[in-house]
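As a plain string of letters, each chain reads:
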Protein chains: 2
Amino acid sequence: MKPDFQPLLKSLSLKTTPKRIALLEILDDEKVYLSPEAIWKKMQKLFRSIGLPTVYRILDELHEGNIISRVLHPDRKLYYYLCRNEEHHHHFICVSCNKVEDLHFCAEKEIETLVVKGMKGKVLSHILQINGLCSRCLTEQVPAHG
Amino acid sequence: MKPDFQPLLKSLSLKTTPKRIALLEILDDEKVYLSPEAIWKKMQKLFRSIGLPTVYRILDELHEGNIISRVLHPDRKLYYYLCRNEEHHHHFICVSCNKVEDLHFCAEKEIETLVVKGMKGKVLSHILQINGLCSRCLTEQVPAHG
DNA sequence: CGTTAAATAGAAACTGTTTCTATTTGCGAA
DNA sequence: TTCGCAAATAGAAACAGTTTCTATTTAACG
Ligand SMILES: [Zn+2]
Ligand SMILES: [Zn+2]
Ligand SMILES: [Zn+2]
Ligand SMILES: [Zn+2]
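Below or above, wherever it landed, is the structure these notes cover. Every chain is numbered independently, its residues counted from 1 as its sequence is written. Chains carry letters and ligands carry numbers; both start at the beginning, A for chains and 1 for ligands, and go up in the order they are written. It should be noted that, the model being predicted, local features are given only for residues of pLDDT at least 70 and side-chain atom pairs only at 80 or more, the latter also being counted only at that level, while totals for whole chains, interfaces and linings use all residues. The basis for every side-chain value is the complete set of non-hydrogen atoms in the structure, without hydrogens or water.

Let's talk about the overall build of chain A
Across its full length, chain A holds six helices and five strands. Listing each helix as α and each strand as β along chain A from the N terminus yields α-α-α-α-β-β-β-β-α-β-α. Dimensions along the principal axes, computed over C-alpha positions, put chain A at roughly 55 × 45 × 30 Å. Here the term buried applies to any residue with accessible area under 20% of the maximum for its type, exposed to any over 50%, and partly exposed to those in between, with areas from a 1.4 Å probe on protein chains only. Out of the 146 residues in chain A, the part that is buried amounts to 43%. Accessible surface for chain A amounts to roughly 8400 Å². Of this, 52% is attributable to carbon and sulfur atoms. Just so you know, the count uses Lys and Arg for positive and Asp and Glu for negative, and it drops His and the chain ends. We put the charge of a Lys on NZ, of an Arg on CZ, of an Asp on CG and of a Glu on CD. Here chain A contributes 21 positive and 18 negative side-chain charges, whose respective centroids are spaced 6 Å apart. A run of H or I in DSSP becomes a helix once it reaches four residues, and a run of E becomes a strand once it reaches two; helices and strands are each numbered from the N terminus. Per-residue accessibility takes into account occlusion by the displayed protein chains alone, with areas from the Shrake-Rupley method and a 1.4 Å probe.

Side note on the protein's contact with DNA strand C
As a matter of local geometry, DNA strand C sits amid 21 residues, with K19(A), S49(A), T54(A), T16(B) and Y56(B) nearest to it. One of the backbone N or O atoms of G51(A) is found 3.0 Å from a phosphate oxygen in DNA strand C. Two N or O atoms count as a polar contact when they lie within 3.5 Å, although within protein this holds only if one can serve as hydrogen donor and the other as acceptor, and sequence-adjacent residues are included solely when both atoms are side-chain atoms. Here a phosphate oxygen of DNA strand C sits 2.8 Å away from a polar atom, N or O, in the side chain of R57(A). Counting only elements with at least two residues in the surface near DNA strand C, the list comes to α2 (18-29) and α4 (52-64) of chain A together with α4 (52-64) of chain B. Classification convention: Asp, Glu, Lys, Arg as charged; Ala, Val, Leu, Ile, Met, Phe, Trp, Tyr, Cys, Pro as nonpolar; all other residues, Gly among them, as polar. Looking at side-chain class alone, the surface near DNA strand C contains nine nonpolar, five polar and seven charged residues. One heavy atom within 4 Å of a molecule or strand is enough for the residue carrying it to be called near that molecule or strand.

A look at the relation of the copies chain A and chain B
When the copies are superposed, the least-squares fit takes in the C-alpha atoms of residues with a pLDDT of at least 70 in both. The transformation that overlays chain A on chain B combines an axial shift of 0.0 Å with a rotation of 180°, and the residual RMSD is 0.1 Å. One copy is carried onto the other by what is essentially a two-fold rotation axis. The C-alpha atom lying nearest the rotation axis in chain A is that of L128(A); the distance is 2.3 Å. In what follows, a contact means two residues having at least one pair of non-hydrogen atoms within 4.5 Å. Both copies contact each other with a shared surface, as 100% of the interface residues of chain A are interface residues in chain B too.

Some words on the coordination of the zinc ion (ligand 1)
Residue and element names in this part refer to chain A. For Na, K and Ca the donor cut-off is 3.2 Å; for every other metal, N, O and S atoms count as donors within 2.8 Å. Water does not enter the count, which can leave sites looking incomplete. Looking at the zinc ion (ligand 1), one finds its protein donor set to be C94 (SG), C97 (SG), C134 (SG) and C137 (SG), positioned 2.1 to 2.4 Å from the metal centre. Geometry is assigned from the angles between donors: four donors with all angles from 85 to 135 degrees make a tetrahedral site, four or six donors whose opposite pairs exceed 155 degrees while the rest stay between 65 and 115 make square planar or octahedral sites respectively, and everything else is labelled irregular. Considering all four donor atoms around the zinc ion (ligand 1), the spread of angles at the metal, 105 to 120°, places the coordination shape in the tetrahedral class. Here the donor residues of the zinc ion (ligand 1) share one chain and are spaced in sequence as C-x2-C-x36-C-x2-C. A residue pair is termed long-range when its members are at least 10 positions apart, and C97 in the loop between β3 (90-94) and β4 (100-103) and C137 in helix α6 (residues 135-140) qualify at 40 residues. Residue classification places C137 among the buried positions, given a relative accessible area of 4%.

Things to note about the coordination of the zinc ion (ligand 4)
Tetrahedral coordination by four donors sets the ideal angle at the metal to 109.5 degrees; octahedral coordination by six donors sets it to 90 or 180 degrees. Residue and element names in this part refer to chain B. Protein coordination of the zinc ion (ligand 4) is provided by C83 (SG), H89 (NE2), H91 (NE2) and D102 (OD), with donor distances spanning 1.9 to 2.3 Å. Coordination at the zinc ion (ligand 4) is tetrahedral: its four donor atoms span angles of 98 to 122° at the metal. For the zinc ion (ligand 4), the donor residues sit on a single chain with the sequence spacing C-x5-H-x1-H-x10-D. Taken together, the residues span a long stretch of sequence, with C83 in the loop between β2 (78-81) and β3 (90-94) and D102 in strand β4 (residues 100-103) at a distance of 19 residues. Given the relative accessible area of 24%, D102 is considered partly exposed.

Overview of unusual backbone geometry
Residue and element names in this part refer to chain B. The phi torsion at S13 lies on the positive side, around 60°, for a residue other than glycine. Inspection of the secondary structure puts S13 in the loop between α1 (6-11) and α2 (18-28). By relative accessible area, which is 67% here, S13 ends up exposed. Despite not being glycine, N98 shows a phi value in the positive range, around 70°.

What follows is the structure in structure tokens.
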């Protein structure tokens, strides 16, 4: 079931354009993280003219609005993933097939305590990401794809 | 007390060159993470000719050999930090003054269990980093530096 | 519809990073 | 100590992902 992205965009004060909707649907269809260029190529099948900067801009806006999450890849390029899971969690990413799986774990409480009480500092954000191989890649030895 | 970096380099099968030693000493002097360019500028004070690619290459080799750690900055540029703490831990980084503090916390056991038992996957690496403001920046409102 | 600010295309610029090639240098062997 | 050679480096150039710019198009609202 395809969610209605219109109210989501409205809540961010972004206009409901066909390209924003298409990009969200593309991400929503995927269980893997995608690069801006991969998204662009999918967009090109839907629109006769679509610029790569537009893809970057939309991804930026949606990431800024906490709608989509960035994947920190060892190759240091940008990747994006749309997760519908509302509660706070983190991700296990497969570096071979790019699959993303929810990791229902976070130690923010413990860390907050360490930082506040131990360092007298303030936590602004935290990164927790597990890189590895998913069960399929582990058993089938599927070669990596871009 | 300046550590002897020679055996460290030897263990990585890297030749002991003045530039590698200097770079290690520069990092060892700092409690903040540095950008390749910042390191390059410090190197330029020590060598009349020193290329930025050399800095990148050395940083790469040392990072590859687990001698130095990369900082995942929100700005997506590369930063490096030399931590002498031998046991496994993570870092709290101050996004204002670039200071790095050891965070003696890691949930790798719990996460490993979740991934192996829950997902039938394999963990290759994990990222845990806390971004925030250190006590000094919190109280003194020190403006950010590059 | 008509108006207006937001969104976009396409080209061009940007910038951190990597590659390339000739030259230099560390270091084990003689 | 000197030699020989693979490793390391400088400097220039290339690269690639990302961002900026400007004219044009479009969504939203009355
Ligand atoms: Zn996989
Ligand atoms: Zn998720
Ligand atoms: Zn968390
Ligand atoms: Zn440390």
